[in-house]
Amino acid sequence: MVRLLLVRHGESVWNEEERIQGQQDAPLSELGRKQAQALGRRLRDEPITACYSSPLRRATETAQEILSALTSPPPIITMPELMERRFGEWEGKCLSDLDKVEFARWLAAHQLPAPPEGESVGELLLRVEQGLRRILTEVPKGSVLVVGHGGSLKAMLCVLLRLPPTSFARLRIDNASLTIVEVQSGQASLVVFNDTCHLQAR
């Protein structure tokens, strides 16, 4: 059995500023670093055998903080497939900067259309599924820490749990949250979803 520990990065400086990040490379904020450290304390007794992370700084910094709490941490393997959804022209902008009609239409369509010059949910699902297949091939059993983003982790849940693409926009993944999925004989079971109880004890 493979136990996937799915973690969204801690708060970044752009989360703090309420900017759309996409694939822009903002680092963790001070709060985000503390969130990652709190999650590390929660997972320090988990027998993590491998770690895969998005190459974006907010994800790798989160992975580093978590693994620093372990006695024998595995190396961090970065995977472009785990990067956030590409938001094209919207990246770097605050929500208040966007065309309100265009953004409302996008939300009403369950975020399925691609943002201008961005990535569609379908493209994101295909990319994340390729990364997931690699992880499950390279680590056939054990606990695997996977550090990604709200978009890439929601896509991974859709793939693992065979949810329709319209479910993507209905899932919520908070900063520094923990979601656990166990995969055995090709079947995935959701064990923990968007758990942030470790943040209450900071």
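Residues numbered from 1 in each chain as written. Predicted model: local features only at pLDDT ≥ 70, side-chain atom pairs only at ≥ 80, totals over all residues. Heavy atoms only, no water.

Would you mind going over the pattern of salt bridges with me for this structure?
Between side chains of opposite charge, a pair can form when the charged atoms approach closely. Applying the stated criterion across every chain yields a total of 11 salt bridges. Ionic pairing is found between Arg134 and Glu138, a salt bridge with its closest N-O pair at 3.0 Å. Here Glu138 and Arg134 lie together in helix 5 (residues 121–138), a separation of 4 residues that amounts to about one turn. On the basis of relative accessible area, Arg134 is assigned to the partly exposed category, the value being 31%. Note on Glu138: relative accessible area 42%, which makes it partly exposed. (Salt bridge = Lys/Arg side-chain N within 4 Å of Asp/Glu carboxyl O. Helix = DSSP H or I, 4+ residues; strand = E, 2+ residues; numbered from the N terminus. Buried < 20%, exposed > 50% of the residue type's maximum accessible area, 1.4 Å probe, protein only.)

What am I meant to see in the pairing of strand 1 (residues 2–8) here?
For strand 1, the tally of buried residues reaches 6 of 7 residues, placing the bulk of the element in the interior. For strand 1 and strand 4 (residues 142–148), the ladder comprises 7 bridges, and the chain directions are parallel. Paired with Val7 across the two strands is Val147, which belongs to strand 4. Here strand 1 runs beside strand 5 (residues 178–184); their pairing, made up of 6 bridges, is antiparallel. Across the sheet, the residue bridging to Leu4 is Val181, located in strand 5. (Pairing = 2+ DSSP bridges.)

So what exactly am I meant to see when it comes to helix 5 here?
Side chains of residues three or four places apart in an α-helix project in the same direction, reflecting 3.6 residues per turn. Helix length check: helix 5, at 18 residues, gives a terminal C-alpha distance of 26 Å against a target of 26 Å (1.5 Å per residue), a fit within 8%. In this structure, the buried side of helix 5 is in contact with strand 1, strand 2 (48–53), strand 4 and helix 6 (150–160). (Expected span 1.5 Å × (residues − 1). Contact = heavy atoms within 4.5 Å.)

Would you mind showing me how to read the environment of Leu31 here?
Here Leu31 is to be found in helix 2 (residues 30–43). In this structure the C-alpha to C-alpha distance between Leu31 and Thr71, which are 40 residues apart in sequence, comes to 24 Å.

Help me out: how do you make sense of the packing of aromatic side chains in this one?
One pair of aromatic rings is described through two measures. These are the centre distance and the angle between the planes. Under the defined criterion, the tally for this structure stands at 4 aromatic pairs. Relative to Trp106, the ring of Phe87 lies with its centre 6.1 Å away and its plane at 75 degrees, an arrangement referred to as edge-to-face. A residue pair is termed long-range when its members are at least 10 positions apart, and Phe87 in the loop between strand 3 (76–78) and helix 4 (100–108) and Trp106 in helix 4 qualify at 19 residues. Residue Trp106 is classed as buried on the basis of its relative accessible area, which comes to 8%. (Phe/Tyr/Trp six-rings, centres within 6.5 Å; stacked < 30°, edge-to-face > 60°.)

Got a minute to help me understand the packing of helix 5 against helix 6 in this structure?
When two helices pack together, their arrangement is given by the angle between their axes and by how far apart the axes lie. Put simply, helix 5 and helix 6 touch, their axes get as near as 9 Å, and they point 75 degrees apart. By the criterion of interaxial angle, the relationship of helix 5 to helix 6 is roughly perpendicular. For the pair helix 5 and helix 6, the contacting residues are Leu124, Leu125, Val128, Glu129 and Leu132 in the first and Gly151, Ser152, Ala155, Met156, Cys158, Val159 and Leu160 in the second. Tallied by class, residues from the contact of helix 5 with helix 6 come to 9 nonpolar, 2 polar and 1 charged. (Axes fitted to C-alpha atoms, helices over the stretch in contact; angles between N-to-C directions. Parallel < 35°, antiparallel > 145°, perpendicular 65-115°, else oblique. Nonpolar A, V, L, I, M, F, W, Y, C, P; charged D, E, K, R; others polar.)

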